[in-house]
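Structural characterization, general
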Amino acid sequence: MSRRYKLAFLIFLLITVGTKTFAKEPIITVNVQKPVAQVQPTMWGIFFEDINFAADGGIYAELVKNRSFEFTKPLMGWKITKDDNLTDVLVINQDEVNPANPRFIRVKLAEGEKPVILTNEGFRGMGVKKGINYHFSVLARKFEGNTQKLQIELVSSAGEIIGSAGISPDSKEWKKYSVSFESSATDLNAKLNITIDGKGELDLDMISLFPDDTWKNRPGGLRADLVQLLNDLKPGFLRFPGGCIVEGHELATRYQWKKTIGDIDQRQLIVNRWNTEFKHRLTPDYFQTFGLGFFEYFQLAEDIGAEPLPILSCGMACQFNTAELVPLDQLDPYIQDALDLIEFANGSETSTWGKIRAKMGHPAPFNLKMIGVGNEQWGPQYIERYVLFAKAIAEKYPDIKIVSGTGPSPDGKYFDYAAKELKKLNAQIVDEHYYANPEWFLKNATRYDNYDRSGYKIFAGEYAAQSINTCNPDNKNDWNCAMSEAAFMTGLERNADVVNLCSYAPLFAHIDGWQWTPDLIWFNNLNSFGTANYYVQKMFSNNKGTHVLPMLEDGKPLVGQNGLYASATFDQNSNEIILKVVNSSDKIQTVKVVLDGAKKLAAKGTITIMKSDNLNIYNSIEKPIEIVPAEQDFLVKGKVLDLKLETHSFSVIRVKQLK
Ligand code: AHR
């Protein structure tokens, strides 16, 4: 080889290795005229469970923890400052009179004694904002003695009073008193002081503090920033209230929807089953007040344009815990709960349960179309119970779709058994759960390519790539996990004829109060952020399309060739072709995408890219936008797109067909 050729060869090698490209430029064909399946409007949704302080201490904007003294330790979250033994704070239990809310406190003040101060610490503090109004309310009764004044003070973490107001209870009967005040400062860790002065005995219950700036400014409502993040996903459905929370650690602590509607002070509090689930993440102050109850879940679904998907206990407590079973001949009340729930959601204003919905402020039906029977159950006991539920629901409400499940794993003997039995029973929609490492997600991009088309539809109801392993407290929402989920999701999308609903899990986590990681959205008492996984979900659900298009290289879908994973849809509403491509390799790749059969295309398309060569990168409260998508325009020339796919990237490409 001459010196000149040697030099040229060396330069060629350097360029090739330096830019790390594959030698052959693949040609990918998208057949625009041949949609192969419809994408259901429900395709990409949300899984909500009250885990990690998702509800109380999270999206439910109540700032007072243990507002009705019903925690196992009645004064948990409260500090009492008093000067003398003659003055006292008693916990009274009137279970016979008010079983749903039996406890209250009686503050006994002796003549001439110093005031009593009740301090509530909030949920790992109270997040308050300068210039925002706070609404304080309390149920009070003057039991004995002179008028007493309640001085309400919001106290900053530095000990300064940043808001105050007064209340003078005047009734000898239980009565609600309310007052509002503005916070003069922003603080992540404020607390609430209630100073009680005078002489006599005063009864107090349901001590509450809510910000004014809730979602849609609803009194006693939800945290606006967290709902906004959900709304931005444009979710197809909202599954609630879980998760294992549906089942309960034991049957007594299962989720009973009827106890979560109506007056707030009559919603019977129970322990949250995640309270002591993990020894490494104990949260003994985790209870469920049900301020976010079934009415509010339906309302939330409606607000964010998602189909409601309630999941109910099927008479089996969590099989990882007590595995308690309701005998088959005593299952009727559980089945009745399901039938009544459908009436609560859809019944007329004159029906028994529809009337309650109307009284709560929603005369129009919620238009429920699906209901889930059991969460993560397994074995013949589940199938036996499912059969009874399915029969009763189908008889009374033949249009309601029933969601059943295959248990906690995506394979193995429990999965195989449930899948086989549910198919025999003509199950309609079956929930599968995948918690696995990123490699599993890449490998399973083909999971549904050869799935049985004659059976039930799939609800990919809980999935999340685990950077270490399931339940490991060191799992991170890193880019490696999120990118592998994106690759897997191209497989879900390609098979949208059989996969009808999908949701990442869990949804929320409080930075100081979580039990389970990874999670889609993290927050503290003031701020919140989406993880890399959140943005992947958003890129799919905001770019859903209405029909699946075949996207093939050499006649085969892209499922890992050169590290590429891809799917394509067409949106008949906007007349756009939408491509989703993951390049999981460490090489930049250029590909040609032939839009076969496309009509004339707009001169400009958009490409939204998420990428990082640091696979371990993740967003955090300190650095919430370390990895987020960026959108840019690109020029479309003809019907062949020349795409440059960055290393370790996920891209969504939108190209418009002109009419
Ligand atoms: O998402 C966390 C838990 O994982 C859910 O509660 C349960 O269904 C699954 O085991």
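Residues numbered from 1 in each chain as written. Predicted model: local features only at pLDDT ≥ 70, side-chain atom pairs only at ≥ 80, totals over all residues. Heavy atoms only, no water.

**Details of the packing of helix H4 (residues 332-346) against helix H6 (residues 380-396)**
For the pair H4 and H6, interaxial distance at closest approach is 10 Å and the crossing angle is 30 degrees. The two elements H4 and H6 cross, and the hand of that crossing is right-handed. Between H4 and H6, the contacting residues are Tyr334, Ile335, Ala338, Leu339 and Ile342 on the first element and Leu388, Phe389, Ala392, Ile393 and Lys396 on the second. (Axes fitted to C-alpha atoms, helices over the stretch in contact; angles between N-to-C directions. Helix = DSSP H or I, 4+ residues; strand = E, 2+ residues; numbered from the N terminus. Left-handed = near helix turned anticlockwise from the far one by under 90°. Contact = heavy atoms within 4.5 Å.)

**So, the site of the ligand**
Taken together, Glu49, Gly243, Cys244, Trp274, Asn375, Glu376, Tyr435, Glu462, Pro506 and Trp516 make up the full set of residues near the ligand. A distance of 2.5 Å is found between an oxygen atom of the ligand and a side-chain nitrogen or oxygen belonging to Glu49. Contacts to the ligand include Asn375, whose side-chain N or O atom sits 2.9 Å from an oxygen atom. Per-class residue counts for the shell around the ligand are five nonpolar, two polar and three charged. (Near = heavy atom within 4 Å. Polar contact = N/O pair within 3.5 Å; in protein donor to acceptor, adjacent residues only side chain to side chain. Nonpolar A, V, L, I, M, F, W, Y, C, P; charged D, E, K, R; others polar.)

**Quick notes on the sheet that holds strand S29 (residues 556-557)**
As summarised here, the arrangement of the five strands in space is S29-S28-S1-S32-S35, forming an open sheet in which the pairing is mixed. The sheet terminates laterally at S29 and strand S35 (640-645), the two strands that pair on one side only. As paired elements, strand S32 (residues 589-596) and S35 share six bridges and run antiparallel to each other. In the strand pairing of S35, Val591 is matched with Leu643. (Pairing = 2+ DSSP bridges.)

**Re the sheet that holds strand S36 (residues 649-656)**
One open sheet accounts for seven strands, arranged S2-S27-S30-S31-S36-S33-S34; its pairing is antiparallel. Each having just a single partner strand, strand S2 (37-38) and strand S34 (630-635) make up the two edges of the open sheet. Pairing of strand S31 (residues 576-583) with S36 involves eight bridges; the strand directions are antiparallel. Residue pairing for S36: Ile578 is matched across the bridge by Arg654. Helix H9 (residues 479-494) rests against strand S27 (547-549), strand S30 (564-571), S31, strand S33 (604-611) and S36 of the sheet, and its axis sits at about 50 degrees to S30.

**With respect to the side chain of Arg267**
Here Arg267 lies in the loop between strand S15 (237-240) and strand S16 (270-271). Only 3.3 Å separates the side chain of Arg267 from the backbone oxygen of Gly291, close enough to count as a polar contact. Residues contacting Arg267, with those up to four places away along its chain left out, are Ala100, Lys259, Thr260, Ile261, Gly262, Thr289, Phe290, Gly291, Gly293, Glu296 and Met360.

**Regarding the nonpolar core**
With 139 residues, the main nonpolar core has Phe48, Phe294, Ile393, Trp479, Leu492 and Phe508 as its most contacted residues. Counting residues per element, this core draws most heavily on H9, which supplies nine residues. Apart from residues lying up to four places away in sequence, Phe294 is in contact with Phe240, Pro241, Tyr255, Trp257, Thr260, Ile261, Pro310, Leu312 and Leu341. (Core = buried A, V, L, I, M, F, W, Y, C linked by side-chain atoms within 4.5 Å. Buried < 20%, exposed > 50% of the residue type's maximum accessible area, 1.4 Å probe, protein only.)

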